[in-house]
Amino acid sequence: MDKMPKWADVILTPLISLVLAMAISALVILAIGESPMVALTTMIDGALGSSYGWGFTLYYATNFIFTGLAVMVAYHASLFNIGGEGQAAMGGLGVALVLLSLPLPHWALALPAAMIGAALFGAAWALIPAWLQARRGSHIVITTIMFNFIAAAALNYILVNLLRPTGSMDPASARFPDATHLPKLSDMALALGFEWGKNTPVNISFFVAVAACVLVWLLIWRTRLGFEIRAFGKSEPAALYAGINPVRITMIAMLVSGGLAGMMAINNVMGEAERLVLNAVEGAGFIGIAVALMGRNHPLGVFLAALLFGFLYQGGGELALWTTIPRELIIVIQALVILFTGALDNMVRMPLERMFLAMRKRGA
């Protein structure tokens, strides 16, 4: 019997951790002589108080959904993929090569082609760490973080020496053809007869991210492969006894994980920048770790946690713009959320377990 109900583990524990993180953040804001209420109001108004704010919040959330799902899939196989940063960067290269090489006449054709390119390049960047883990026992954390640095260096070389247009000083690729530009949600709103999110980067890839949440849920909880991934993640000896091949599961889980991280590029590279630039990922690969942890490695939780971190990103920008509170404070808040939902998870979980056990005993 579980020590506490599933809803308490999935909802109540992260919620209490979030409240604790916000309370400590409020103390930090007080310590620098600012008002926590003013800071909170500014963040809420800036991120959620208008369609403009929502447009940026959903744009950031789209990135975090993809990288959060990537961490989640690997985690269910007991693999800690922290290479989302490099895999997303390589996904951007895949998108750029597809869109600059193929004469695609419409975004409806360009989007699936770019998704395939992004997923293949992201998965390819996870392939060697997966093989080293499966065949040589090299720890996936070490290899994936090393591949983040290799990806950054490789992308820098490719952009400066291979993809940069002649005469350009900017280390970036040429702009993608106009026909491949993804429709923004603001354009879709205008087509329906109302104005929403004008001048914001959120685009149709947000719906692709939502669809990815559904498909990942089906994969992990409604397919034989998903059962094998979860069984292997829970107990490798038991999985071996059941005839599950650990090399196969390790490789598949990491390839799916890398593909999901790579698909983030359809949002930030294809949908927003409309060309490949240096540092396009902007830390979203690492934020995906916090999103997966806070979302309890469930697609619905990942979606909600991604919205939260999208709110923190957009709200943090507004905080720096309209107050004297430095933007770096938002990094402190993010770090506190990660700390309480990850490293200090048992500090919240154990008292709740004791409370629910006591309630059961009294009920009996």
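Residues numbered from 1 in each chain as written. Predicted model: local features only at pLDDT ≥ 70, side-chain atom pairs only at ≥ 80, totals over all residues. Heavy atoms only, no water.

The name an unreviewed UniProt entry gives the protein chain is ABC transporter permease, with Paracoccus benzoatiresistens as the organism. Under the Subcellular location (unreviewed entry) heading, UniProt states for the protein chain: "Cell membrane". (UniProt positions renumbered as here; feature names shortened; annotations may be inferred.)

(A) Broad picture of the environment of Ala253. You can see Ala253 is positioned in helix α11 (residues 246–262). When residues no more than four places from it in sequence are discounted, the contact partners of Ala253 are Val73, Ala77 and Leu79. (Helix = DSSP H or I, 4+ residues; strand = E, 2+ residues; numbered from the N terminus. Contact = heavy atoms within 4.5 Å.)

(B) The arrangement of the packing of helix α3 (residues 51–76) against helix α12 (residues 265–273) in detail. The geometry of α3 relative to α12 is characterised by a closest axis approach of 8 Å and an angle of 150° between their N-to-C directions. By the angle between their axes, α3 is roughly antiparallel relative to α12. Listed contacts from α12 to Tyr59, Thr62, Asn63 and Phe66 of α3 are Ile266, Asn267, Asn268 and Glu272. Of the residues belonging to the contact of α3 with α12, the class tally is three nonpolar, four polar and one charged. (Axes fitted to C-alpha atoms, helices over the stretch in contact; angles between N-to-C directions. Parallel < 35°, antiparallel > 145°, perpendicular 65-115°, else oblique. Nonpolar A, V, L, I, M, F, W, Y, C, P; charged D, E, K, R; others polar.)

(C) Representation of the pattern of salt bridges within the structure. This model, assessed by the stated rule, comprises five salt bridges. A salt bridge links Asp170 to Arg275; the shortest N-O distance between them is 2.9 Å. A residue pair is termed long-range when its members are at least 10 positions apart, and Asp170 in the loop between α6 (140–163) and α7 (185–191) and Arg275 in the loop between α12 and α13 (284–294) qualify at 105 residues. We classify Arg275 as partly exposed; its relative accessible area is 23%. Linking Arg175 and Glu274 is a salt bridge whose minimum nitrogen-to-oxygen distance equals 3.2 Å. (Salt bridge = Lys/Arg side-chain N within 4 Å of Asp/Glu carboxyl O. Buried < 20%, exposed > 50% of the residue type's maximum accessible area, 1.4 Å probe, protein only.)

(D) Structural context of the side chain of Asn203. Tracing the chain through its elements places Asn203 in the loop between α7 and α8 (205–222). The class of Asn203 is buried, set by a relative accessible area of 0%. Of note is the side chain of Asn203, whose polar atom sits 3.1 Å from the side chain of Asn267. For Asn203, the contacting residues outside a window of four places in its chain are Leu182, Pro183, Lys184, Leu185, Ile266, Asn267, Gly271 and Glu272. (Polar contact = N/O pair within 3.5 Å; in protein donor to acceptor, adjacent residues only side chain to side chain.)

(E) Region of interest: the nonpolar core. Residues Phe64, Leu69, Val95, Leu99 and Phe309 are the most contacted members of the largest nonpolar core, which totals 99 residues. Considering every element that reaches this core, the biggest residue donor is α3, with 13 residues. For Phe64, the contacting residues outside a window of four places in its chain are Ala284, Ile287, Val291, Ala306, Phe309, Gly310 and Tyr313. In terms of nonpolar packing, the next biggest core, distinct from the first, is built from five residues, Met4, Ala8, Leu352 and Phe356 among them. (Core = buried A, V, L, I, M, F, W, Y, C linked by side-chain atoms within 4.5 Å.)

(F) Region of interest: the side chain of Asn297. If you trace the backbone, Asn297 turns up in the loop between α13 and α14 (299–322). Discounting residues that sit within four places of it in the chain, Asn297 has contacts with Met72, Tyr75, His76, Trp221 and Ala292.

(G) Spotlight on the environment of Met115. Mapping Met115 onto the fold places it in helix α5 (residues 107–136). Between the C-alpha atoms of Met115 and Leu27, which are 88 residues apart in sequence, the distance is 44 Å. Once residues lying within four places of it in the same chain are set aside, the contact partners of Met115 are Val208, Met263 and Ile266.

(H) Quick peek at the layout of surface pockets. By volume, the largest pocket is sized at about 570 Å³. Lining the largest pocket are 17 residues, and of these Tyr75, His76, Lys234, Arg296 and Asn297 lie nearest its centre. For the lining of the largest pocket, the secondary-structure elements that each account for two or more residues are α1 (6–31), α3, α9 (224–234) and α15 (328–343). Of the volumes computed, that of the second largest pocket is approximately 440 Å³. If you go around the second largest pocket, you meet 16 residues; those closest to its centre are Pro14, Leu18, Met294, Leu304 and Ala305. Taken together, the elements giving at least two residues each to the lining of the second largest pocket come down to α1 and α14. Split by residue class, the lining of the second largest pocket holds 13 nonpolar, three polar and no charged. (1 Å grid on protein atoms, 1.4 Å probe; cavity = no way out; pocket = protein on both sides within 12 Å on 5 of 7 lines; lining within 4 Å. Points joined across faces, edges and corners; volume = space filled by probe spheres on them.)

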